[in-house]
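So the chains spell out like this:
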Amino acid sequence: MSYLVFFFIIIFFLIIIEIFLNKVTKIGKKKFQWLIDSKDFEPNFDKKKLNFFIKNSFDKELGWIRKPNTFGEEKSFKGKSYFSIDKSGCRTNPNNNKKFKEKIATFGDSFTFCRQVNNDETWQSYLSKSKKINVLNYGVGNYGADQALIYSKRIIKKKKFKFTILGIVPETILRVHSSWKHYYEYGNIFGFKPRFKIKKNKLTLIKNIINSQSRLKNYKIYLNEIQKNDYFFDYIFTKEILNKPLIFSYLKSFRNLLLLFHLFFKSNYKTYQKFVIQKNHLITKKFYKKKDAVNLLFMIFKEFLNFSKKNDSNPYILILPQINDIEYFIKHKKTYYENLLKMFNNSKYVIDLTPKIASKNDYRKYYINDKYGGHLSPQGNLLVSKEIEKKICFKN
């Protein structure tokens, strides 16, 4: 066989492999948003989804929010749960009472909002019932500590609270480095947000660039500026993009080869766990080893504490662990964010739920087992409320 014939045979097989990879990649992308290609640099917005987001969630300052007088349902392996937002923008708390004085405002992410449980199964609701006080839930899913800080200032300026709580997952150290969630949470294409940077040892706000409906609809014009402000564009996103010819992209990225295998031979649940939850957990641990990253998060927490105090509130930072955080603690007998906790001069302002939940032999019952790694179950939220009661001195 001549070298020329052999060469054309190789080329032929490479073309066949490339055609095959193109087809399976298209199928894979429909199954799983974390398989990304060059189209994901500038994804097109579905008009119906965009209009729904604008109507129900868009906020020019924060990126997104829970809007007043809205409601919804969620599904998990345990069935459906329902939530509603009242006219003030808080999640409905059936145990609040007009006879009580408003004492506590809570801000944070989905673990503060309490996803996947009903209104009467949130830790705020349990706390209201136990202590006969009003607890307002301003939690918003997928928020970083930066957005929660900005939102808290908006609310605290208007109302007086005896206590304020910022409840957040440790993974928030990633979220505060993001300007577009899509760059590390692929497919979250409406997730434009503000963030902070430290300049001259001061917290400096970088406002949300996509601060109008018009800019949202024409976001591609502002991509260069967004990419400059987003840590993950270069750190992760560009490294995992599949470019043509795909055969070389897959050869360069063993992660994408594994992902493709799991998509077609494993369940989506296992794929989500392996390539999203575990990946985010690994990156989170790395970020807590970065001095600058930890300092940024600490200064955000510090600003929340200081602003609350200036407005006559007693503030607390509430650390709400995901199940991977619990499993890390059980294995290593410590948290991976200890360096952050040591930065607080007074530990009385921090309520860390990780050691408490990890001390339980049946810790899994405190989480809802689903593909997202599990939010807190009703039992988990009840435990949170009890720990808050131990830490805060309430006077009914």
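First, a word on what this report is: a plain description of the structure on this page.

**Quick word on the packing of aromatic side chains**
In this description, an aromatic ring pair is defined by two values, namely the gap between the centres and the angle between the planes.
No. 1: Taken as a whole and judged by the stated rule, the model has 37 aromatic pairs.
No. 2: Geometrically, the ring pair formed by F192 and Y219 is tilted, given 5.7 Å between the ring centres and 45 degrees between the ring planes. Of the two residues, F192 is situated in the loop between helix 6 (172-175) and strand 8 (195-199) and Y219 in the loop between helix 7 (213-217) and helix 8 (223-229); the sequence distance between them amounts to 27 residues.
No. 3: Taken together, the ring pairs connect F41, F45, F53, F58, W180, Y183, Y186, F190, F192, Y219, F233 and F237 into an aromatic cluster.

**Regarding helix 4 (residues 123-131)**
No. 1: Across the 9 residues of helix 4, 7 count as buried, placing the element largely inside the fold.
No. 2: All of the buried residues along helix 4 are W123, Q124, S125, Y126, L127, S128 and K131.
No. 3: Elements in contact with the buried residues of helix 4: strand 5 (102-108), helix 3 (110-113), strand 6 (134-139), strand 7 (163-168), strand 10 (314-319) and helix 17 (378-391).
No. 4: Once helix 4 finishes, K132 follows within two positions and takes phi at roughly 55 degrees, a positive value.

**Focus: the environment of D146**
No. 1: Its place among the elements puts D146 in helix 5 (residues 145-156).
No. 2: Within the structure, D146 has its side chain in polar contact with the side chain of K193 (distance 2.7 Å).

**Considering unusual backbone geometry**
No. 1: Here the bond from K244 into P245 is cis, since omega is 0 degrees, no more than 30 degrees from zero.
No. 2: Relative to the assigned elements, P245 resides in the loop between helix 9 (232-240) and helix 10 (246-252).
No. 3: Backbone geometry places Q116, a non-glycine residue, at a positive phi of 70 degrees.
No. 4: Relative to the helices and strands, Q116 resides in the loop between helix 3 and helix 4.
No. 5: Owing to a relative accessible area of 6%, Q116 belongs among the buried residues under this scheme.

Thresholds, definitions, all that
Residues numbered from 1 in each chain as written. Predicted model: local features only at pLDDT ≥ 70, side-chain atom pairs only at ≥ 80, totals over all residues. Heavy atoms only, no water. Phe/Tyr/Trp six-rings, centres within 6.5 Å; stacked < 30°, edge-to-face > 60°. Helix = DSSP H or I, 4+ residues; strand = E, 2+ residues; numbered from the N terminus. Buried < 20%, exposed > 50% of the residue type's maximum accessible area, 1.4 Å probe, protein only. Contact = heavy atoms within 4.5 Å. Polar contact = N/O pair within 3.5 Å; in protein donor to acceptor, adjacent residues only side chain to side chain.

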